[in-house]
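What the coordinates show
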Amino acid sequence: MAGGEEFELETGELPAERIAPPQSFMEQANVTPAQLQRFTEEGVDAWEMAGDLLTWDEPYRTVFDEDAGDWFPDGQLNAAANCLDRHLADRKNQRALVWEGQLGETRTETYLELSRKVNAFAAGLRDLGVEAGDVVTLHMPVIPELVVAMLACARIGAVHAVVFAGFSAEALATRMAESESAYLVVSDGYYRRGDAVSLTNRAETVRAGLDQEVTTVVVDRLDDRHQYSLGDRDHRYEELLAAHSGETVDPVTRAATDELFLIYTSGTTGKPKRVTHTTGGYLAHTAWTSHAVLDIEPSDTYLCTADIGWITGHSYIVYGPLALGATVLLREGEADQTPKTKLWELVEKHAVDILYTSPTAIRTFMKWGEEYPAESDLSSLRLLGTVGEPINPEVWRWLYEQIGNEECPVVDTWWQTETGGHLITTIPGVDEMQPGTAGPPLPGVEATVVDETGTDVDPNTGGYLAIETPWPGMPRELSTETRWAETSDVLPDSEWAYMTGDGAVMVEDEYVTILGRVDDVINVGGRRYGTLELESIIIGVEDVAEAAVVSGHEDHGQGIYAYANPAAGADETAVRAAINRAIEQQIGSFARPDRIVLTPELPKTSSGKIMRRLLTDIARGNDLGDTSALRNPEVVGEIDSATNSD
Ligand code: WT7
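Residues numbered from 1 in each chain as written. Predicted model: local features only at pLDDT ≥ 70, side-chain atom pairs only at ≥ 80, totals over all residues. Heavy atoms only, no water.

**Let's talk about the pattern of salt bridges**
Definition in use: Salt bridges are counted wherever a side-chain nitrogen of Lys or Arg sits within 4 Å of a carboxyl oxygen of Asp or Glu. The secondary structure listing takes helices from DSSP runs of H or I that are at least 4 residues long and strands from runs of E that are at least 2 residues long, numbered from the N terminus. Only protein chains enter the calculation, and the probe is 1.4 Å; a residue is then buried if its accessible area is under 20% of its type maximum, exposed if over 50%, and partly exposed in between.
One pass over the full model with this rule turns up 32 salt bridges. Two residues, Glu178 and Arg274, come together in a salt bridge whose shortest N-O distance is 3.0 Å. Of this pair, Glu178 sits in helix H8 (residues 169–179) while Arg274 sits in strand E15 (residues 272–278), and the two are 96 residues apart along the sequence. Judged by relative accessible area, Arg274 falls into the partly exposed class, the value being 30%. Residues participating in the shared-partner salt-bridge network are Arg107, Glu109, Lys117 and Glu145.

As structure tokens, this is what we get:
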């Protein structure tokens, strides 16, 4: 069973209040209850509704091959052709991308312009030797060139691996080594809250440390702010694009099951976890959920505040919305950038129809105060969505009332890097909403909550969330035959199951409330960190003997809590600095702990295991209960006051 020996089942006391979707929304919603009925009547074949949102070079005859675990196995298509070419007849001069940069710049790319750039860059990549199946690593902030590079890879059947720009050289190198990627498209740098950060030095360090030769393409983002010289195998993006301007590259037909991209996430093993998404199943899933859950239409201007470096950006900035032919507003940098009116000004300026963001960002907006959104006209909004972590009812209400004026449904979408797209959420024109509760599994998806033995728990009882039916966006790692067969005995009553690593409570009518991760992964500010990965970095610091990393309480504005046990007599200031430095070097500064608590001893069970659950309770300010069974109960008070005093 996945992780969590310290996870206790709890009985949920859930607010049962449900809110009907606004009538005006229901009348225009993309999907109706009658359509969704097909999932009840036809089972897995109803996913044809997702497949049919795409244009296929070779139409699929089978929706799902149960033996192999493959979606649309005999279908063939190209993802870039689905996101661009097929829109040209109807909307070549419609904007595909509107970009708002950190320095206040705005750029737009129509579908035709984007398509021309993608063709030229695809020709350029070919010229550099990139072939179908090669892994091309992309390392950039949210700029239009990142979208061009992703779609250019897809066009020629190359597999992109976007590595979030905040990762360190070492983290980038680990990922390039793991994927044996010999191509890197990197920007010269990016702006972090207005400051220029160089990426060319990072690229340099990475190449020096890799076994494979790496061909690099450098995109100009910092203009003259950053000077660098090109090496033998380096190319300037702008020159490559100019050299191939006007060329067209036929989209390479791919099998639905072929890889579209790799993405690395934090797993439980201490190493980055590779997740491989497919061309057909993934694209069908993201297009379907963009249509059915985010209610995106081609005429919409859609804004998602995520970074393209994470799965949310792949699925719901690039692939889903562009497959549907919408106008995507791209924003560089964090969602909660100042001035505090900025996001709302953008919504008004571009008359945004749909806003998809994170509970963390909304919490910040709420703290700032409702006077900031009130300065802008937000009446263009039709739907609001959240993703990444649980949203507490109070924050949900603020979003619904202050931003949506009670006229926009809110979809609280539960999913993961592994799932590729939404799996648990209300359907906005169909289901009632319950603040703080994601909603039912998508039509066509079955979920269950089980105990340690894999047995379903009673409704209203906490347990481990498992998905019992395959879904089109599932990664290749789950569909290969071995994995497919292996999982069949995870739950005694299921033919197949995917353990999500989350705790959850489900009520009779299947509304699911997510409790958070119950494995060795923590979710802080909507981002995911492997506790083993962080702990092993900390233990690697000189003078640190033991470490435990837990997540604090979001409401306290604190995320990653690191507990470490320094050697007697060690200089505490130096140890703290060394821990921060090590994490910055091996992951990136975004993963630095919000709080480092140094303690002579960590709390242990009688068998000598570190009690991470107790540390979590301390970090969250929870009631600690009876700790007398610990091997060293006397340390609890000390750690508590070290954590909770400023
Ligand atoms: C973990 C996955 C999904 C894209 C962004 C994060 C948590 C995600 C919700 C939600 C409660 C949520 C889960 C999940 N999570 N969405 N609506 N309510 N929790 O992707 O980095 O793979 O993280 O995010 O804990 O397991 P990820």
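**A few points about the site of the ligand**
Operational definition: Only heavy atoms are used to decide nearness, and a residue is near a molecule or strand if one of them lies within 4 Å of it. A 3.5 Å cut-off defines polar contacts: any pair of N or O atoms within that distance qualifies, except that in protein one atom must be a possible hydrogen donor and the other a possible acceptor, and neighbouring residues in sequence count only when both atoms are side-chain atoms. Each residue is assigned to one of three groups, with Ala, Val, Leu, Ile, Met, Phe, Trp, Tyr, Cys and Pro labelled nonpolar, Asp, Glu, Lys and Arg labelled charged, and all others, Gly among them, labelled polar.
As a matter of local geometry, the ligand sits amid 17 residues, with Asp412, Thr413, Thr417, Asn523 and Arg528 nearest to it. Separating an oxygen atom of the ligand from a side-chain N or O atom of Asp502 is a distance of 2.9 Å. Between the ligand and Arg517 there is a distance of 2.8 Å, counted from an oxygen atom to a side-chain nitrogen or oxygen. Per-class residue counts for the shell around the ligand are 6 nonpolar, 6 polar and 5 charged.

**Topic: the packing of aromatic side chains**
What counts, and what does not: Whether two aromatic rings pair depends on their centres lying within 6.5 Å, for rings of Phe, Tyr and Trp, where Trp uses its six-membered ring; planes under 30 degrees apart make the pair stacked, over 60 edge-to-face, and the rest tilted.
Enumeration over the complete set of coordinates arrives at 26 aromatic pairs. Where Tyr282 meets Tyr319, the ring centres are 5.9 Å apart and the plane angle is 85°; that geometry is what we call edge-to-face. Of the two residues, Tyr282 is situated in helix H11 (residues 280–292) and Tyr319 in helix H12 (residues 311–324); the sequence distance between them amounts to 37 residues. Here Tyr282 and Tyr319 have matching classes, each one buried.

**Considering a negative patch on the surface**
Rules: Only residues whose relative accessible area exceeds 30% and that form no salt bridge are eligible for patches; like-charged ones are grouped when within 9 Å, while nonpolar side chains (Val, Leu, Ile, Met, Phe, Trp, Tyr) are grouped when within 5 Å. We get accessible surface area from the Shrake-Rupley algorithm with a probe of 1.4 Å; when it comes to residues, only the shown protein chains can shield them. Asp and Glu count as negative and Lys and Arg as positive, but His and the ends of the chain are not part of the count. We put the charge of a Lys on NZ, of an Arg on CZ, of an Asp on CG and of a Glu on CD.
Residues Glu345, Glu348, Glu370, Glu371, Glu375 and Asp377 make up a contiguous surface patch of negative charge. Here Glu371 lies in helix H15 (residues 371–374).

**Details of the state of the cysteines**
Short version of the rule: Our working definition of a disulfide is a cysteine sulfur pair at a distance within 2.5 Å.
Enumeration over the complete set of coordinates arrives at 0 disulfides. Cysteine Cys83 is unpaired, with the sulfur of Cys153 as its nearest cysteine sulfur at 13 Å. For Cys83, a relative accessible area of 0% corresponds to the buried category. Take Cys408: it sits in no disulfide, and the sulfur closest to it among the cysteines is that of Cys304, at 16 Å.

**Overview of the pairing of strand E4 (residues 95–100)**
Applicable threshold: Here a strand pair is declared whenever DSSP counts at least two bridges between the two strands.
In terms of residue burial, E4 counts as a mostly covered element, since 5 of its 6 residues are buried. Pairing of E4 with strand E5 (residues 106–110), which is carried by 5 bridges, proceeds in the antiparallel orientation. From the neighbouring strand, Arg95 faces E5, where its bridge partner is Thr110. Here E4 hands over to E5 after 5 residues, with Gly104 in that stretch at a positive phi of 95°. Where E4 and strand E17 (residues 327–331) come together, 4 bridges link them in parallel fashion. Residue pairing across strands places Glu100 opposite Arg331, the latter belonging to E17.

**Observations concerning the domain arrangement of the protein**
We apply this condition: A domain assignment, automatic or from a database, supplies the domain bounds used here. Here, two residues are considered to be in contact whenever any of their heavy atoms come within 4.5 Å of each other. Accessible area that two parts lose when put together, with a 1.4 Å probe and added across both, is what the buried area reports.
Split into domains, the protein comes out as domain 1 (4–11 + 445–517), domain 2 (23–412) and domain 3 (521–644). Residue-level contacts link 20 residues of domain 2 with 19 residues of domain 3. Both faces considered, domain 2 and domain 3 share a buried interface measuring about 1,600 Å² in area, 44% of it formed by carbon and sulfur atoms. If you look at where domain 2 meets domain 3, you find 0 salt bridges. At the level of elements, H8, strand E14 (259–266) and helix H14 (359–368) are the ones that each hand at least two residues to the side of domain 2 that touches domain 3. Partitioned by chemical class, the residues of the side of domain 2 that touches domain 3 number 4 nonpolar, 11 polar and 5 charged.

**Here we look at the confidence of the model for the protein**
Short version of the rule: By definition, pLDDT measures how confident the predictor is in each residue, and it falls between 0 and 100.
Averaged over the protein, the pLDDT score is 93; the fraction of residues at 70 or greater is 95%. Ignoring residues within four places in sequence, the model shows residues 1–12, a span with pLDDT below 50, making 38 contacts including any to other chains.

**Some thoughts on the environment of Asp220**
Here Asp220 shows up in the loop between strand E11 (215–219) and strand E12 (234–236). Overall, the relative accessible area of 34% leaves Asp220 in the partly exposed class. Each residue touching Asp220, except ones within four places of it in the same chain, is listed here: Asp188 and Glu238. At 2.9 Å, the side chain of Asp220 and the backbone nitrogen of Asp223 are in polar contact.

**A few points about the sheet that holds strand E7 (residues 159–162)**
Our working definition: Lines fitted to the C-alpha atoms define the axes, with helices restricted to the stretch that makes contact. Angles between their N-to-C directions range from 0 to 180 degrees.
Here we have 7 strands laid out as an open sheet, ordered E12-E11-E8-E6-E7-E14-E15, and mixed in their pairing. Each having just a single partner strand, E12 and E15 make up the two edges of the open sheet. On average, each strand axis in the sheet is inclined to that of its neighbour by 25°, with strand direction left out of account. With 4 bridges joining them, strand E6 (residues 135–139) and strand E8 (residues 183–187) adopt parallel strand pairing. When the sheet's bridge partners are listed, Val136 is paired in E8 with Tyr183.

**Some details on helix H16 (residues 393–403)**
Residues Val395, Trp396, Trp398, Leu399, Tyr400 and Ile403 constitute the buried set of H16. Just downstream of H16, Asn405 is the residue with a positive phi angle, here 55°.

**Section: the sheet that holds strand E28 (residues 560–566)**
If you trace the 3 strands from one edge of the open sheet to the other, you get E27-E28-E29, paired in mixed fashion. At either end of the open sheet lies a strand with only one pairing partner, and these are strand E27 (544–551) and strand E29 (595–598). On average, each strand axis in the sheet is inclined to that of its neighbour by 20°, with strand direction left out of account. Where E28 lies against E29, 4 bridges are found, and the strand directions are parallel. Counterpart to Tyr561 in the pairing with E29 is Arg595. Against the sheet, helix H22 (residues 635–644) engages E28 and E29, with an angle of about 150° to E29.

**Notes on the nonpolar core**
Convention followed: By nonpolar core is meant a set of buried Ala, Val, Leu, Ile, Met, Phe, Trp, Tyr and Cys residues that side-chain atoms within 4.5 Å join together.
Phe121, Leu151, Tyr319 and Leu322 are the most contacted members of the largest nonpolar core, which totals 114 residues. Counting residues per element, this core draws most heavily on helix H7 (residues 144–156), at 10 residues. For this core, the two domains that each supply at least three residues are domain 1 (4–11 + 445–517) and domain 2 (23–412). If we skip the residues at most four places from it in the chain, Tyr319 touches Ala79, Cys83, Met150, Leu151, Ala154, His160, Leu260, Phe261, Tyr282, Leu283, Thr286 and His314. Within the second largest apolar cluster, 43 residues are counted, among which are Val163, Val218, Ala564 and Ala591.

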